[in-house]
Amino acid sequence: MLYMSQDETQTKTDRQKQIIAEARRNRELREKTYRERALKLFPHVCGKCGREFSGKKLKELTVHHRDHDHNNNNPDGSNWELLCIYCHDNEHSRYEDSATYSEVTPGGEQASSGSFKPFADLEALLKNKK
Ligand SMILES: [Zn+2]
Ligand SMILES: [Zn+2]
């Protein structure tokens, strides 16, 4: 039955969308708190290319976790580095994505398929938005 399998696919897609939306919310919440702290601790300069960010541009300055563990948010900022989105991208592309982005998988929402990487898509989406 062709229609049945289409329905099934539809449901799965909706579920995935839900998971992605949830994961995104979680990450945004988490990022907001440590990003604000990092921005208070450090000068608003990219640690790699040295560009300065202020005002609206500050959005392009992101917090990189030196050990790639986004749960390691030492209050003294020793695990943080401010990087612009471009340098941040470079930094991560030097690592295999499975290890790098494991931290963005929200707890309890593990996808059963190992190939499902919600944030691989998300990063692409964010890039396209600009
Ligand atoms: Zn940079
Ligand atoms: Zn990073």
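Check the entry above for the structure.
Undergrad: Sorry if this is basic, but what is going on with the overall build of the protein here?
TA: Looking only at helices and strands, the protein features four helices and two strands. Ordering the α and β elements of the protein from the N terminus gives α-β-β-α-α-α. The buried share among the 130 residues of the protein stands at 31%. Here the analysis covers contacts within the protein between residues at least 6 apart in sequence; of these, 60% occur between residues at least 24 apart. As presented, the protein carries roughly 9,100 Å² of accessible surface, and 52% of it is formed by carbon and sulfur atoms.

Undergrad: What should I look at first to understand the coordination of the zinc ion (ligand 2) in this one?
TA: Six octahedral donors around a metal ideally make angles of 90 or 180 degrees; four tetrahedral donors ideally make 109.5 degrees. Around the zinc ion (ligand 2), the protein supplies His64 (ND1), His88 (NE2) and His92 (NE2) as donor atoms, at distances of 2.0 to 2.1 Å. Look at where the donors of the zinc ion (ligand 2) fall in the sequence and you get H-x23-H-x3-H. Here His92 lies in helix 2 (residues 85-93) and His64 lies in strand 1 (residues 61-65), a separation of 28 residues in the sequence. Residue classification places His92 among the buried residues on the basis of a relative accessible area of 7%.

Undergrad: I tried to follow the coordination of the zinc ion (ligand 1) on my own but got confused; where do I start?
TA: Distances from the zinc ion (ligand 1) to its protein donors, Cys46 (SG), Cys49 (SG), Cys84 (SG) and Cys87 (SG), fall within 2.3 Å. Classification of the site at the zinc ion (ligand 1) as tetrahedral follows from its four donor atoms and the range of 101 to 117° in their angles at the metal.

Undergrad: Honestly, helix 2 in this entry has me stumped. Any pointers?
TA: Along an α-helix, residues three or four positions apart point the same way, because every turn accommodates 3.6 residues. Of all the positions in helix 2, only Cys87, His88, Glu91 and His92 are classed as buried. Axial view of helix 2: buried residues confined to an arc of 135°, hence all on one face.

Undergrad: Just checking my understanding: could you explain the pattern of salt bridges for this structure?
TA: When the charged atoms of two side chains with opposite charge come close together, those side chains can pair. Taken as a whole and assessed by the stated rule, the structure comprises three salt bridges. Close ionic contact of Glu28 with Arg24 constitutes a salt bridge, the shortest N to O distance being 3.8 Å. Remark: Arg24 and Glu28 occur in helix 1 (residues 2-41); sequence separation between them is four residues, near one turn of the helix.

Undergrad: So what exactly am I meant to see when it comes to the nonpolar core here?
TA: The tendency in soluble globular proteins is for nonpolar side chains to be buried as a group. If you look at the biggest cluster of nonpolar residues, it comprises 13 residues, and the most contacted ones within it are Cys46, Phe53, Leu61, Val63 and Leu82. Take this core: its biggest share by element is four residues, from strand 2 (residues 80-84). Setting aside residues up to four positions removed in sequence, Val63 forms contacts with Tyr34, Arg35, Ala38, Trp80, Glu81, Leu82 and His88.

Undergrad: Explain the pairing of strand 2 here, please?
TA: The side chains of a regular strand alternate, first on one face of the sheet and then on the other. For strand 2, the tally of buried residues reaches five of five residues, placing the bulk of the element in the interior. Residue alternation in strand 2 divides its side chains into two sets, Trp80, Leu82 and Cys84 and Glu81 and Leu83, and both sets are buried. Of the pairings in the sheet, the one linking strand 1 to strand 2 comprises five bridges and is antiparallel in character. Pairing of His64 across the sheet is with Glu81, part of strand 2.

What counts, and at which threshold
Residues numbered from 1 in each chain as written. Chains lettered and ligands numbered in written order. Predicted model: local features only at pLDDT ≥ 70, side-chain atom pairs only at ≥ 80, totals over all residues. Heavy atoms only, no water. Helix = DSSP H or I, 4+ residues; strand = E, 2+ residues; numbered from the N terminus. Buried < 20%, exposed > 50% of the residue type's maximum accessible area, 1.4 Å probe, protein only. Contact = heavy atoms within 4.5 Å. Areas by Shrake-Rupley, 256 points an atom, 1.4 Å probe, with all protein chains shown as cover. Donors = N, O, S within 2.8 Å, 3.2 Å for Na, K, Ca; no water. Tetrahedral: all angles 85-135°; square planar, octahedral: opposite > 155°, others 65-115°. Arc of directions from axis to C-beta. Salt bridge = Lys/Arg side-chain N within 4 Å of Asp/Glu carboxyl O. Core = buried A, V, L, I, M, F, W, Y, C linked by side-chain atoms within 4.5 Å. Pairing = 2+ DSSP bridges.

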